[in-house]
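Residue-level listing of the chains:
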Amino acid sequence: MNTPLRIALCAGEASGDLLGADLVRALRERFPDVEFAGIAGPKMRAAGVTSWWDASELSVMGLAEVLRHLPRLLRLRRDFRQRVLDWKPDVFIGIDAPDFNLGVEKWLKARGVRTVHDVSPSIWAWREERAEKIGESADRVLCLFPMEPPIYAKHGVDARFIGHPSADSMPLQPDRAAARHALGITSNGPVLALLPGSRMGEIARMLPTFLETADRVGKQIDNLEVLIPAADEQCRRAIESRLQQTPLAHARASILDGQAQQAMVASDVVLLASGTAALEAMLAKRPMVIGHRISPTTYRIVRMFGLLKSRFVSLPNILANRELVPECLQDDCTPERLSGELLRWLRDPQAFAAIEPEFVRIHDELRRDASTQAAQAISDLIAQRAPSPAA
């Protein structure tokens, strides 16, 4: 009897669990009898993955926390990779979590297991030479952005552009009225969404500047409503504390439990720290201003060693290869500069009308049914190295 296809996976956080669940469903359409096992979250388990360890085991953030958990993580990595090897999968798929997965992939690849890394690290932003190292770990890299495979190709690494899952899930023309209704916004006044980040350090560093910026905008624009999504309860408490210290005198603020995407769709303009939120604001077809600041020491190191390879830091500008939205970084990230850029968007609708077609074009380029594309790339890899039938 033929043994069923076996696929081992590892996802390390909620976003990876969601990607993994969609990928599992797409792979099962091709291989109905496939067996899945590995490190999985609740969505992957619901999709049919046998979970040897829960994805939360890898959810460790911050240097101090990583150091505290390092012995446990090293034991987990050792035990997990051996269990994968003993299970004899046809392919191992590491979903994001590169600090953990790339090491597992390299160890397994050296022992003859086919490996895939799903979601390329941001090699286009800094340390492009990492592409070669990633190729030592993964037989195939799955990329969310079209500029990534050519970088890997320069280093002889097999990489495939599969598109971005967020572009698949967001409509090309989001419904602002529906988003406002869902959030209970009854007025027709202007709405500003503030997204200072989802980590405590980002909130502490960026929110005071963002709140002062919102207050300045409120002085100029009547009836301004400000939406501040909180990623979790800890973030909500930090935002509430900061609001008490720097209350908005000229605008009304509402803290939301998550709902960042709806907040952006409902808004007239978005102020955000750089990151995936900028991509989501572009997919929401909203004008935005990027405000970002890192520690002066880190910034000096980045500049001194030329670690940042991109002209821009925000994905809309990177994907367009030109400045579509303003980036106010480091010393330029001030309430005066940020409020000026926000007011420009609010007072000149034609300014955004001029770039909105580019947002739509990029969205359409990224909208490729990423899970189906990923499943096809993995299927092709399995077929390439499948053993030849006996004569």
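The structure we're discussing is the one just above.
Residues numbered from 1 in each chain as written. Predicted model: local features only at pLDDT ≥ 70, side-chain atom pairs only at ≥ 80, totals over all residues. Heavy atoms only, no water.

(A) Region of interest: the overall build of the chain. Each helix and strand counted, the chain has 17 helices and 13 strands in total. Over its C-alpha trace the chain gives a radius of gyration of 22 Å, about what one expects of a compact globule, namely 21 Å for 391 residues. Here the C-alpha coordinates of the chain stretch approximately 80 × 45 × 40 Å along the principal axes. In the chain, buried positions account for 50% of the 391 residues. Contacts in the chain between residues far apart in sequence, at least 24 positions, make up 67% of those at least 6 positions apart. With an accessible surface of roughly 18500 Å², the chain has 50% of that area assigned to carbon and sulfur atoms. Seen as two clouds, the 49 positive and the 49 negative side-chain charges of the chain have centres 4 Å apart. (Helix = DSSP H or I, 4+ residues; strand = E, 2+ residues; numbered from the N terminus. Rg over C-alpha atoms; globule rule 2.2 N^0.38 Å. Buried < 20%, exposed > 50% of the residue type's maximum accessible area, 1.4 Å probe, protein only. Contact = heavy atoms within 4.5 Å. Areas by Shrake-Rupley, 256 points an atom, 1.4 Å probe, with all protein chains shown as cover. Lys, Arg positive; Asp, Glu negative; His and termini not counted. Charge placed at Lys NZ, Arg CZ, Asp CG, Glu CD.)

(B) Summary view of the sheet that holds strand 5 (residues 115–118). Read from one edge of the open sheet, 7 strands run 3-2-1-4-5-6-7, paired in parallel fashion. Looking at which strands have only one partner, the edges of the open sheet turn out to be strand 3 (49–54) and strand 7 (159–161). For this sheet the average axis-to-axis angle between neighbouring strands, irrespective of direction, equals 20 degrees. Here 4 bridges tie strand 4 (residues 91–95) to strand 5, and the two strands are oriented parallel to one another. (Pairing = 2+ DSSP bridges. Axes fitted to C-alpha atoms, helices over the stretch in contact; angles between N-to-C directions.)

(C) Summary view of the packing of helix 1 (residues 14–30) against helix 17 (residues 370–384). Close contact between helix 1 and helix 17 brings their axes to 8 Å; oriented N to C, the two are set at 55 degrees. In terms of axis orientation, helix 1 runs oblique to helix 17. The handedness of the crossing between helix 1 and helix 17 is right-handed. Listed contacts from helix 17 to D22, L23, A26, L27 and R30 of helix 1 are S371, T372, A374, A375, Q376, I378 and S379. (Parallel < 35°, antiparallel > 145°, perpendicular 65-115°, else oblique. Left-handed = near helix turned anticlockwise from the far one by under 90°.)

(D) Region of the structure containing the pattern of salt bridges. All told, the structure shown has 24 salt bridges when counted by the stated rule. Between R176 and D268 there is a salt bridge, with its nearest N and O atoms 2.8 Å apart. On the criterion of sequence distance, the pair formed by R176 in helix 8 (residues 176–182) and D268 in the loop between helix 11 (260–266) and strand 11 (269–272) is long-range, its members being 92 residues apart. Judged by its relative accessible area of 23%, D268 is partly exposed. Where R216 meets E212, a salt bridge forms, and the shortest distance between an N and an O atom there is 3.8 Å. Of this pair, R216 and E212 both sit in helix 9 (residues 200–220), 4 residues apart, which is roughly one turn of the helix. Here E212 falls in the partly exposed class, since its relative accessible area comes to 41%. (Salt bridge = Lys/Arg side-chain N within 4 Å of Asp/Glu carboxyl O.)

(E) Here's a closer look at the side chain of S137. Of note, S137 is situated in helix 5 (residues 130–137). A relative accessible area of 4% places S137 in the buried class. Separated by 3.0 Å, the side chain of S137 and the backbone oxygen of L102 make a polar contact. Dropping the residues within four chain positions of it, S137 is found in contact with L102, E105, K106, K109 and T115. (Polar contact = N/O pair within 3.5 Å; in protein donor to acceptor, adjacent residues only side chain to side chain.)

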